[in-house]
Amino acid sequence: MQHGPLRNAYLDALGIDRWVPRNAPAEVLPEPAVAPRAEAPAVPVTPAVQARAPAPAPAPQAPVVAKVPPLEPGIDWGPLRERVAGCMACDLCKTRTQTVFGVGNTRADWLIIGEAPGAEEDRQGEPFVGRAGQLLNAMLLAIGLPRETVFIANILKCRPPGNRDPKPEEVARCLPYLQAQIALLKPKIMLAVGRIAAQNLLATDAPLARLRGKLHHFGEANTPLVITYHPAYLLRTPSDKRKAWEDLKFARATYTRVAGTN
Ligand code: SF4
């Protein structure tokens, strides 16, 4: 698939220089290889799964359970999605429209991890939609990754009201789902976008400025982990787009090294 002109348009829209390997012919921009391991069906987005009780006589709500019941070892995508859709392990289940499981190629080499669904994601049931999603798509495409070739998930599967920061207990209860997704996907590289995702994955309170620009590793598989800005932040602070572009190039180079591709 030819994405060169489109990628260039995105780069121009981002206000960042185009990435041309030193040995490339001057007239031809090479296509960074997109290397999903195999074609796999995209994970579908399910419709709303939780109806709200009508006022003024609300139906009694099921009690919020204390924690996520243990996930069966080796749980597959379908059952995992169902578990998330019915989860009531923290208070966010009371205010969500629906859970936002994640989307993308379930055999992707790249796992993109954000913070939590926003209002539009809560409505649509898909992570990174709206303006921030469009910018994330542009960022990924700029390094040769159409959205459908990666998997995208959040630390939290339900929207915090008012887009407040996730509470530690919410993260603790939701993290087993992301860990199960990582175990299933076995990504070759993870890209965390934003402070919340980075800090929770790395179990640190260090500021994002100290976390980006270096290679981290995550979990028992020691998966390479690169940190960059959240696209919503970049929309508010376009002057940092250039730093984000450096992060993306770093992630791409890391992937090339670990995956043995070019
Ligand atoms: S945020 Fe996570 S732990 Fe809390 S209800 Fe939603 S799926 Fe369950």
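Here, every reference points to the structure presented above.
Residue positions within a chain follow its written sequence, with the count starting from 1. Given that this is a predicted model, residues contribute local features only at a pLDDT of at least 70 and side-chain atom pairs are listed and counted only at 80 or more, while totals for whole chains, interfaces and linings are drawn from all residues. The basis for the side-chain values is all heavy atoms of the structure; hydrogens and waters are excluded.

Student: Any details on the sheet that holds strand 2 (residues 110-114)? Residues and values, ideally.
Tutor: Read across the sheet, six strands follow the order 1-3-2-4-6-5 without closing on themselves; strand pairing throughout is mixed. On the outer flanks of this sheet lie strand 1 (103-104) and strand 5 (216-218), each paired with one strand and no other. Bridge count between strand 2 and strand 3 (residues 151-154): four bridges; the pairing is parallel. Across the sheet, the residue bridging to Ile112 is Ile152, located in strand 3. Contacts from helix 9 (residues 241-259) reach strand 2, strand 4 (189-193) and strand 6 (223-228) within the one sheet, and its direction differs from that of strand 6 by about 170°. Should DSSP find at least two bridges between two strands, the strands are regarded as paired. Put simply, DSSP marks the helices as runs of H or I at least four residues long and the strands as runs of E at least two long, and each gets a number from the N terminus on. Here, two residues are considered to be in contact whenever any of their heavy atoms come within 4.5 Å of each other. Between N-to-C directions, angles span 0 to 180 degrees; the directions come from axes that are lines fitted to C-alpha atoms, helices contributing only their stretch in contact.

Student: Describe the pairing of strand 2, naming the residues involved and giving the relevant values.
Tutor: Only protein chains enter the calculation, and the probe is 1.4 Å; a residue is then buried if its accessible area is under 20% of its type maximum, exposed if over 50%, and partly exposed in between. Within strand 2, five of the five residues are buried, which leaves the element mostly enclosed by the surrounding structure. Across the two faces of strand 2 the burial is the same, with Trp110, Ile112 and Gly114 and Leu111 and Ile113 all buried.

Student: Can you explain helix 2 (residues 77-85)? Please cite residues and give values.
Tutor: Within helix 2, burial applies to Trp77, Leu80, Arg81, Val84 and Ala85. Along the axis of helix 2, the buried residues cluster in a sector spanning 135°; they form a single face. Those residues of helix 2 that are buried are in contact with strand 3 and helix 5 (168-185). Comment: arc refers to directions from the helix axis out to C-beta atoms.

Student: Can you tell me about unusual backbone geometry, naming the residues and giving the values?
Tutor: The residue Asn163 is not glycine, and still its phi comes out positive at about 60°. Counting through the fold element by element, Asn163 comes out in the loop between strand 3 and helix 5. Of the residues examined, Asn163 reaches a relative accessible area of 45% and is grouped as partly exposed. With phi around 50°, Ala203 is a residue other than glycine that occupies positive phi space. Along the chain, the position of Ala203 falls in the loop between helix 6 (195-202) and helix 7 (208-211). We classify Ala203 as exposed; its relative accessible area is 72%.

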